[in-house]
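The lines below spell out each chain.
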Amino acid sequence: MLKINDLHASVDDKEILRGINLTVNAGEVHAIMGPNGSGKSTLASVIAGKEEFEVTKGSVELDGEDLEDDAPEERAHKGIFLSFQYPVEIPGVSVTNFMKTAINESRKARGLEDMPANEMLKLIREKSELLEIDRKFLSRSLNEGFSGGEKKRNEIFQMAMLEPKLAILDETDSGLDIDALRIVANGVNKLKSKDNAVIVITHYQRLLEHIVPDFVHVLHNGKIVKSGGKELAHELEEKGYDWLKQEQAV
Amino acid sequence: MAYTEEELKKELETKEYEYGFYTDLKSDTLPKGLNEDIVVAISKKKNEPQWMTDWRIDAFRAWQEMEEPEWANVHYEKPDFQAISYYSAPKKADPNKTLNDVDPELLEMYRKLGISVDEQKKLQNVAVDIVVDSVSVATTFQKTLAEKGIIFMPISEAIQKHPDLVKKYMGTIVPKKDNFYAALNSAVFTDGSFCYIPKGVRCPMELSTYFRINEGGTGQFERTLVVADKGSYVSYLEGCTAPSRDENQLHAAVVELIALDDAEIKYSTVQNWYPGNKEGKGGVYNFVTKRGLCENNAKISWTQVETGSAVTWKYPSCILKGDNSIGEFYSIAVTNNYQQADTGTKMVHLGKNTRSTIISKGISAGKSQNSYRGLVQINSRAENARNFSQCDSLLMGNECGAHTFPYIEVKNKTAQIEHEATTSKIGEDQIFYCNQRGIETEKAIALIVNGFSKEVLNKLPMEFAVEAQKLLEISLEGSVG
């Protein structure tokens, strides 16, 4: 589904990604771990098409198509979803209104009419139940005055509404207490299918107890330095990242 | 005045000839330029009573002594008052004109705003073929209004039919010598609206709908007078979301509202005059004086959505004379390209327990300048007066400006005044967030702007809130590269 080939990317002429290779197939869950500043969030932003990052070499392909010329919204229409580490506030725009706009814009891109209001309501009801979200929450302004946990849960609610092909969860576990973590993880697990894929970016092994990855990759200095199964996450939890850094140095 | 209208016409024709222009002098056009004869001629054309003519002359003489104000934060070339024609009867539909003759760009804008073909034709002076619906609707309205004793008609008609009411109230809130442009308007106003709601009557409809059907184009020097008698209520909407490419460069309107004891007036404006092109050429100068007076327990609420005009200078104000009276001002002002707006309000607290609320939302884009200017004045006898002001500015890009000039004068220790102001910029992070959810940049901006303006949009009558929302989107189109 997703194929990243020798990807190099910079911001303000500073190279952050230095040759990433990664293949994600439908039905798989990949975890990307690594110390601060290793390029995890940059990788997520580059896949989503954020303009401030310049791809200097290599490519990102979705279903065999190079995404290079696609604007972020076009990538979204093709099924890429990014759960933000720091979701932004949009005062005066309710969660419901935001979702309605997002869904209808995607439909428009596919040549479909707006989603009928009754279908929209049904979808909202279904997905908010799945994520144990109080529907009053949905009339509040997007992320304005939300707690850290509420923001993250709202990201996963949006993911459930948009039903992406590839979901990238960037540090979704940060700021979540144990109950919220369980709810979010349950949501992600329920949305998983043989047709979609998830990339979980995280610092800690904690989230991976709930969302069990098929593959774990360690990112360091803009490169994947080690890949393995879910047991790699346990190893990292025990030993930290230093041993990998040393291994790299040698 | 010794001479008759005929003589006057003759004189004007000769003058016209003297100046060397050729104008096809139909009976409904006056030559360019302004002098006392023109003022008298306007009055005569409207068959006005002598008191009205004298009133105009008085205003004209005062205007001649006045200086054009320069304190506003706007820069423009001053109009040449002798190059303006001060009277021309409303344009009639041109039987040979079709929509194919209209600028396609304008038609595209109409389409986006969802304006019906009939209405488009009306706006462009194209003859409307199917009028059955609007005529019958208007007739129903007129009947309903008449049953309640509500008077709603062009002010020129009111001067003829209800001279006592007009004489009693006109110029009491905005005196004819109030300011340069109000004096000019008082001298040369050609038409406008008059509305009177009798005691205890609640006007059963938004006067907007009626207005739109009956009023084709708005004049250059419009004069509006709304009187809500004791315990009555009226909601009035002026303007139209449809863009008007008026060739008149100078618009100087006067609006006076009078809310007697326990009465309420809600006055909403959508202003979308031609703002000039992207290079800042052309566009309307909109210099307006709007003021309302509240007696005991009365309430006046101004709501405005200002997106048009090259230069706007406008401060809808409330004089809270009566005890327990309430004044409100809700405003959205959008400026793009080279537009300049200096707008706000004055809340003058005279009575006890008077309250006022000001919510101003300024949105600047392009190279435009957007200023809020407001005065909250608490006079010495206004015990327990309260004011809450909130001025928010939203900037798009790096070349525009937002300015806030709040003036607060308090002469009574019991007053409570709150002022909040914020300035924010549409951030790249916000745009990227929307993009990532599949929302393209223009749409994302529209969404953010609508969210920012929501508190004010909510104050508009329902039917117009939707149109105003679309108007905001269109006004800011192409403002982010």
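Shown above is the structure to which this text applies.
Residues numbered from 1 in each chain as written. Chains lettered and ligands numbered in written order. Predicted model: local features only at pLDDT ≥ 70, side-chain atom pairs only at ≥ 80, totals over all residues. Heavy atoms only, no water.

> I'm lost on the pattern of salt bridges in this one. Help?
Pairs may arise between side chains of opposite charge once their charged atoms sit close together. One pass over the full model with this rule turns up 30 salt bridges over all chains. One salt bridge in this structure joins A:Lys194 and A:Asp195, with 3.6 Å as the shortest N-O distance. Given the relative accessible area of 66%, A:Lys194 is considered exposed. A salt bridge links B:Asp342 to B:Arg373, with the nearest nitrogen and oxygen atoms 2.7 Å apart. Taken as a pair, B:Asp342 in strand E13 (residues 340-349) and B:Arg373 in strand E15 (residues 369-378) lie far apart in primary sequence, 31 residues in all. Residue classification places B:Asp342 among the buried positions, given a relative accessible area of 0%. Ionic contacts of the salt-bridge type, sharing partners, join the residues A:Lys50, A:Glu52 and B:Asp429 into one network. (Salt bridge = Lys/Arg side-chain N within 4 Å of Asp/Glu carboxyl O. Buried < 20%, exposed > 50% of the residue type's maximum accessible area, 1.4 Å probe, protein only. Helix = DSSP H or I, 4+ residues; strand = E, 2+ residues; numbered from the N terminus.)

> Got a minute to help me understand the side chain of B:Glu328 in this structure?
Residues and elements named next belong to chain B. Relative to the elements of secondary structure, Glu-328 occurs in strand E12 (residues 326-335). The exposure class of Glu-328 is buried, given its relative accessible area of 12%. Ignoring sequence-local partners within four residues, the contact set of Glu-328 consists of Lys-299, Ile-300, Ser-301, Trp-302, Cys-318, Met-347 and Thr-357. (Contact = heavy atoms within 4.5 Å.)

> So what exactly am I meant to see when it comes to the packing of aromatic side chains here?
By convention here, two paired aromatic rings are described through the distance between centres and the angle between planes. Residue and element names in this part refer to chain B. This structure, assessed with the given rule, holds 22 aromatic pairs over all chains. Geometrically, the ring pair formed by Tyr-181 and Phe-287 is tilted, given 4.6 Å between the ring centres and 40° between the ring planes. Of this pair, Tyr-181 sits in helix H9 (residues 180-188) while Phe-287 sits in strand E8 (residues 285-294); the two residues are 106 residues apart in sequence, bridging distant segments of the chain. Over the ring of Tyr-233 we find Arg-202, and its NZ or CZ is 4.0 Å from the ring centre. Across the ring face of Phe-452, the terminal group of Lys-361 is positioned such that the distance to the ring centre comes to 5.0 Å. (Phe/Tyr/Trp six-rings, centres within 6.5 Å; stacked < 30°, edge-to-face > 60°. Lys NZ or Arg CZ within 6 Å of the ring centre and 35° of its normal.)

> What is the right way to look at the sheet that holds strand E14 (residues 355-364) of chain B in this model?
The pairing of strands in a sheet happens through backbone hydrogen bonds and is either parallel or antiparallel. All names here are of chain B. Reading across the sheet, the 7 strands line up as E4-E7-E9-E12-E14-E16-E18 and stay open at both edges, with parallel pairing between neighbours. Of all the strands in the sheet, the pair left with one neighbour each is strand E4 (233-239) and strand E18 (416-425). Each strand axis lies, on average, 5° off the axis of its neighbour in the sheet, ignoring direction. Pairing analysis gives 7 bridges linking E4 to strand E7 (residues 264-271), with the strands arranged parallel. When the bridges of E7 are listed, Leu-237 appears paired with Ser-268. (Pairing = 2+ DSSP bridges. Axes fitted to C-alpha atoms, helices over the stretch in contact; angles between N-to-C directions.)

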